[in-house]
Amino acid sequence: MDALAAKSSRPKRTRDAFDERSAEALREMMHRSPREFGYESSLWTLAIAAEAAFEEGITHRRVSGETIRATLWRLLGVRWLRAKRWITSPHPLYERKKG
């Protein structure tokens, strides 16, 4: 009957997903474009980073975007900031308009 009781499905610890070495591998991966890993976006999201980390073997199990965010801060001292889409543009005249 204990198994039928409602409990939180939240992981108990996010710290087990990454160690120092895998956190550095995550940093190196995120310095590359998501397109190099087969994603259509040119901007990293936490969800894409979590999926790519699993596919690249950086993590041994699928993790959440929140685990990625917490790892970036806890092990690497990097705060996650949402990328601004106006930084780059696929428009053919972008460079000319920018200058």
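Each remark here, short or long, concerns the structure printed above.
Residues numbered from 1 in each chain as written. Predicted model: local features only at pLDDT ≥ 70, side-chain atom pairs only at ≥ 80, totals over all residues. Heavy atoms only, no water.

## Section: the nonpolar core
Move 1: Among the nonpolar cores identified, the biggest contains 19 residues, and Phe18, Leu26, Met29, Met30, Trp44 and Ile68 are the most heavily contacted of them.
Move 2: Secondary structure elements with two or more residues in this core: α1 (20-30), α2 (46-55) and α3 (65-76).
Move 3: With five residues, the top contributor of residues to this core is α2.
Move 4: Residues within four places of Trp44 in sequence aside, it is in contact with Met29, Met30, Arg32, Ser33, Pro34, Phe37, Ala49, Ala52 and Trp80. (Core = buried A, V, L, I, M, F, W, Y, C linked by side-chain atoms within 4.5 Å. Buried < 20%, exposed > 50% of the residue type's maximum accessible area, 1.4 Å probe, protein only. Helix = DSSP H or I, 4+ residues; strand = E, 2+ residues; numbered from the N terminus. Contact = heavy atoms within 4.5 Å.)

## Observations concerning the environment of Thr71
Move 1: Mapping Thr71 onto the fold places it in helix α3.
Move 2: Once the C-alpha coordinates of Thr71 and Leu26 are considered, the two residues, 45 residues apart in sequence, prove to be 9.3 Å apart.
Move 3: Dropping the residues within four chain positions of it, Thr71 is found in contact with Phe18, Ala23, Leu26 and Leu76.

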